[in-house]
Each structure stands twice: as C-alpha cells, then as structure tokens.
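Each chain is listed here by its residues.
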Amino acid sequence: MGNFITRFDTWIGLKLFHPIIIFLCQITNQTQYAFSRSLWFMYWVVSLYYNDSVIWQTIAFVCALGGLIGLGMFPDKPVKSYGWVRLSFWVILIVDLIPFLSLSFYTIAISILLLFAEYALTIKTIPPIKKKEKLGKVSNATQ
C-alpha cells in the first residue's frame, strides 16, 4: 500500500503540480526553493491575518518573520520535502471537500497553496524558457 501511495504522489506531482510550478518559476525567475519559501511565507502572513487567537497570531508572526529572514538570506538553499507532509495536506484537502465535514474555503485554499509549496521542493531543476526560433526570412526593407 505504501508503494502505491508513493507512486501516486510522484505521478500527481509530475502531471498536475510540476508544469504549473515550472511555468511560474520561469516567469518569475525564481528557483523552486525560493518559490516554496515564498508560498510558506504567504501562508504565515495569511494565518496572521485570519486567526483571532493571540497565541496563534504570535506563533504566525514569529514564523512569518523567520520565513522573511530565510527568504531574504537563503532563498535558493535546498530544502527537502517529506511525503508525510504532502500526505497530511492531501488528507486535510479531501476532508474539507466532503460537504458535511468542510471547515471552510480558507482551509481548502491553504491546503492547495501548501501542496504547491511542497511539490515545488520535489523538482530537481527548473529548465530554461524556450525561446521562439527565428524564421530566417529577410524582410523587404533590407533587400
């Protein structure tokens, strides 16, 4: 069963998440590590705004501050993604998609955001953008 989950996790990452992440990394000129750190930073900032508990806001503020420092000082430092983290976000997402168990749209959006952050870490390298080939025709103005 564990082998099936690992293969499914790899397949869904390659087919669903990687093309979008690679495109976004190419147009923003970021590495996959900087992209992941940016999404985690965004999560902590949004958590700071949406939570009412002073304790949770303090934790979110400290994590957002740490994420900002890490994003500024070590944006391209390799980070490892763990399968159990992705699995936990998938479980949260699936439970939230069940109508009578759904917590809110917020948790669905956050689960998808963090899945993108974690799948970005599974990409080895970001390929360069393919430039359009020149046609090789000479215009009439230069003839």
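Residues numbered from 1 in each chain as written. Predicted model: local features only at pLDDT ≥ 70, side-chain atom pairs only at ≥ 80, totals over all residues. Heavy atoms only, no water.

**Quick word on the overall build of the chain**
Thought 1: Scanning the chain from N- to C-terminus turns up 5 helices and 0 strands.
Thought 2: From first element to last, N terminus to C terminus, the chain shows the α and β order α-α-α-α-α.
Thought 3: Every one of the 143 residues in the chain was classed for burial, and the buried ones make up 27%.
Thought 4: Here the chain displays about 10,400 Å² of accessible surface, and carbon together with sulfur accounts for 70% of that area. (Helix = DSSP H or I, 4+ residues; strand = E, 2+ residues; numbered from the N terminus. Buried < 20%, exposed > 50% of the residue type's maximum accessible area, 1.4 Å probe, protein only. Areas by Shrake-Rupley, 256 points an atom, 1.4 Å probe, with all protein chains shown as cover.)

**Considering the pattern of salt bridges**
If charged atoms from side chains of opposite charge come close, those side chains can pair.
Thought 1: Per the stated rule, a full pass over the model turns up 1 salt bridge.
Thought 2: Measuring nitrogen to oxygen at the nearest pair gives 2.6 Å for the salt bridge that ties Asp9 to Arg86. In this pair, Asp9 sits in helix H1 (residues 2-28) while Arg86 sits in helix H4 (residues 83-97), placing the two residues 77 residues apart along the sequence. For the pair Asp9 and Arg86, a shared accessibility class is recorded, and that class is buried. (Salt bridge = Lys/Arg side-chain N within 4 Å of Asp/Glu carboxyl O.)

**Quick look at helix H5 (residues 105-120)**
Thought 1: For H5, spanning 16 residues, the distance from its first C-alpha to its last is 23 Å, which sits close to the expected 22 Å at 1.5 Å a residue.
Thought 2: Within H5, 12 of the 16 residues are buried, which leaves the element mostly enclosed by the surrounding structure.
Thought 3: Taken as a whole, H5 has its buried residues at Thr107, Ile108, Ile110, Ser111, Leu113, Leu114, Leu115, Phe116, Ala117, Glu118, Tyr119 and Ala120. (Expected span 1.5 Å × (residues − 1).)

**Topic: the packing of aromatic side chains**
Thought 1: This structure, assessed with the given rule, holds 10 aromatic pairs.
Thought 2: Their ring planes at 45° and their centres at 5.9 Å tell us that Trp44 and Trp56 sit as a pair that is tilted. On the criterion of sequence distance, the pair formed by Trp44 in helix H2 (residues 32-50) and Trp56 in helix H3 (residues 54-73) is long-range, its members being 12 residues apart.
Thought 3: Using a relative accessible area of 16% as the deciding quantity, one classes Trp44 as buried. (Phe/Tyr/Trp six-rings, centres within 6.5 Å; stacked < 30°, edge-to-face > 60°.)

**Things to note about the nonpolar core**
Thought 1: In terms of nonpolar packing, the biggest core is built from 23 residues, with Phe17, Ile21, Phe35, Leu39, Tyr43, Leu115 and Tyr119 touching the most fellow members.
Thought 2: Elements supplying a minimum of two residues to this core: H1, H2, H3, H4 and H5.
Thought 3: The dominant element in this core, judged by the number of residues it contributes, is H5, at 9 residues.
Thought 4: Apart from residues lying up to four places away in sequence, Phe35 is in contact with Ile21, Leu24, Cys25, Gln30, Phe116 and Ala120. (Core = buried A, V, L, I, M, F, W, Y, C linked by side-chain atoms within 4.5 Å. Contact = heavy atoms within 4.5 Å.)

**Regarding a nonpolar patch on the surface**
Thought 1: Where nonpolar side chains cluster on the molecular surface, the patch consists of Phe4, Ile5, Phe8, Trp11, Leu87, Val91 and Val95 and spans about 650 Å² of accessible area.
Thought 2: Those elements that provide at least two residues to the nonpolar patch are H1 and H4.
Thought 3: Take Ile5: it is sitting in helix H1.
Thought 4: Assessed through its relative accessible area of 37%, Ile5 is described here as partly exposed. (Patch = residues over 30% accessible without salt bridge, like charges linked within 9 Å, V, L, I, M, F, W, Y side chains within 5 Å.)

**A look at the environment of Tyr119**
Thought 1: Turning to its location among the elements, Tyr119 is positioned in helix H5.
Thought 2: Residue classification places Tyr119 among the buried residues on the basis of a relative accessible area of 1%.
Thought 3: Note: C-alpha distance between Tyr119 and Tyr82 (37 residues apart in sequence) is 9.6 Å.
Thought 4: Dropping the residues within four chain positions of it, Tyr119 is found in contact with Asp9, Ile12, Gly13, Phe17, His18, Ile21, Arg86 and Trp90.
Thought 5: At a separation of 3.1 Å, a polar atom in the side chain of Tyr119 contacts the side chain of Trp90. (Polar contact = N/O pair within 3.5 Å; in protein donor to acceptor, adjacent residues only side chain to side chain.)

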